[in-house]
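# What the coordinates show
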Amino acid sequence: MQAVRRGRFGPTSSLKRDADIAHVEDINSPSEEGIAKSSDASKKYPFVPESLSDNDLPFIAKDLVLGRSKQYKSKNQAISDTEQTQDNEYWIVIDSIVYDCSDFAAEHPGGEDVIMSFVGEDCSWQFWRLHGKSVMEQYGRALRVGRTEGIRNRFPESVRYVGLSKLGDDGW
Ligand code: HEM
């Protein structure tokens, strides 16, 4: 059975479920081989079944998440944009969940650069300031690759309340 996603911005992806699960297992091994496999250009989301709860996602060690950041940043300084997108995976972290934005970044309505600027990092409050739960459910969920812990946000969260209104949530 094939899992098909038809998003407003995303590609229409189709993957065999078995292939998804194999990818998840690769992530648990922080080896170069694992990185190379999951960087396969043929990879499409959803990476894990969307029915899988956040708690049941595979655990990805902090060092591996941080490794992605270093990989991106060192390549960013050394080689062209075209080469970067061929070789790297773009993982960001929101509420301890790791999202692979490698394919999605170029289609992101808010632009590719904002996602790139958080590769290998936590951007939870920034995400929730700009998107509601429906965006996460509709577009983010398919990009999940695992859960992690200990990834820090570079920026202190700025004031979130204006009067009694909570900014950035659905229904405001
Ligand atoms: C899982 C990762 C993300 C997903 C799935 C996602 C998805 C989306 C979607 C669907 C929109 C269009 C919303 C609409 O039209 O109502 C959007 C807009 C936007 N996103 Fe993201 N986004 C992600 C991460 C981020 C991050 C990390 C940032 C910056 C910190 C960001 C900044 C923005 C901005 C600035 C806009 C434009 C908002 C506007 O035009 O009002 N996004 N995003």
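Calculation notes
- Residues numbered from 1 in each chain as written.
- Predicted model: local features only at pLDDT ≥ 70, side-chain atom pairs only at ≥ 80, totals over all residues.
- Heavy atoms only, no water.
- UniProt positions renumbered as here; feature names shortened; annotations may be inferred.
- Helix = DSSP H or I, 4+ residues; strand = E, 2+ residues; numbered from the N terminus.
- Contact = heavy atoms within 4.5 Å.
- pLDDT = per-residue confidence, 0-100.
- Donors = N, O, S within 2.8 Å, 3.2 Å for Na, K, Ca; no water.
- Tetrahedral: all angles 85-135°; square planar, octahedral: opposite > 155°, others 65-115°.
- Buried < 20%, exposed > 50% of the residue type's maximum accessible area, 1.4 Å probe, protein only.
- Pairing = 2+ DSSP bridges.
- Axes fitted to C-alpha atoms, helices over the stretch in contact; angles between N-to-C directions.
- Near = heavy atom within 4 Å.
- Polar contact = N/O pair within 3.5 Å; in protein donor to acceptor, adjacent residues only side chain to side chain.
- 1 Å grid on protein atoms, 1.4 Å probe; cavity = no way out; pocket = protein on both sides within 12 Å on 5 of 7 lines; lining within 4 Å.
- Sits in = over half its atoms within 2 Å of the grid points.
- Arc of directions from axis to C-beta.
- Core = buried A, V, L, I, M, F, W, Y, C linked by side-chain atoms within 4.5 Å.

- As recorded in an unreviewed UniProt entry, the protein chain goes by the name Cytochrome b5 heme-binding domain-containing protein, listed as coming from Cladophialophora yegresii CBS 114405.
- Quoted verbatim from the Sequence similarities (unreviewed entry) field of UniProt, the annotation for the protein chain is "Belongs to the cytochrome b5 family."

## A short note on the overall build of the protein chain
- A count of helical and extended segments in the protein chain gives seven helices and seven strands.
- A sequence separation of at least 24 residues applies to 75% of the contacts in the protein chain between residues at least 6 apart.

## As for the confidence of the model for the protein chain
- With 59% of its residues at a pLDDT of 70 or more, the protein chain shows a mean pLDDT of 74.
- With pLDDT under 50 throughout, residues 1–39 is counted as low confidence; its partners more than four residues away or in other chains account for 66 contacts.
- Low pLDDT (under 50) marks residues 82–86, which in the prediction has seven contacts with non-local residues, meaning those over four places away or in another chain.

## Section: the coordination of the iron atom of the ligand
- In this structure, His108 (NE2) and His131 (NE2) serve as the protein donors to the iron atom of the ligand, at separations of 2.0 Å.
- For the iron atom of the ligand, the six donor atoms are set out with angles of 86 to 180° between them, so the coordination reads as octahedral. Placement of the pair is His108 in the loop between β4 (97–100) and α5 (112–116) and His131 in the loop between α6 (124–130) and α7 (133–140), with a sequence separation of 23 residues. For the residue pair His108 and His131, the accessibility class agrees, reading buried in each case.

## Looking at the sheet that holds strand β5 (residues 144–147)
- What the three strands build is an open sheet, ordered β3-β4-β5; its pairing is antiparallel. Either end of the sheet is taken by a strand with one partner, and the two such strands are β3 (91–94) and β5. Going across the sheet, the axis of each strand differs from the next one's by a mean of 30°, ignoring polarity.

## Considerations on the environment of Phe104
- Inspection of the secondary structure puts Phe104 in the loop between β4 and α5.
- Considered as a pair, Phe104 and Leu143 are 39 residues apart in the sequence and their alpha carbons are 8.1 Å apart.
- Excluding residues within four positions of it along the chain, Phe104 makes contact with Tyr45, Pro109, Ile115 and Leu143.

## A closer look at the site of the ligand
- Taken together, 18 residues form the shell around the ligand, and within it Phe104, His108, Gly110, His131 and Tyr139 come nearest.
- Residue His108 places a side-chain N or O atom 2.8 Å away from a nitrogen atom belonging to the ligand.
- In this structure, a nitrogen atom belonging to the ligand sits 2.7 Å away from a side-chain N or O atom of His131.
- The cavity that encloses the ligand is the largest pocket.
- Sorting the residues of the shell around the ligand by element identifies α5, α6 and α7 as the ones contributing at least two each.

## Structural notes on α7
- Here α7 has its buried residues at Met136, Tyr139 and Gly140. For α7, the arc enclosing every buried residue in end-on projection is 100°, short of the 170-degree limit, so these residues lie on one face.

## Topic: the nonpolar core
- Counting residues in hydrophobic clusters, the biggest one holds 31 residues, and the most contacted among them are Ile60, Val65, Trp91, Ile92, Ile94, Val98 and Tyr99.
- When contributions to this core are tallied by element, the ones reaching two or more residues are α3 (62–78), β3, β4, α5 and α6.
- Ignoring anything within four residues of it in the chain, the contact list for Ile92 reads Ile97, Val98, Tyr99, Cys101, Ile115, Phe118, Val119, Glu121 and Cys123.

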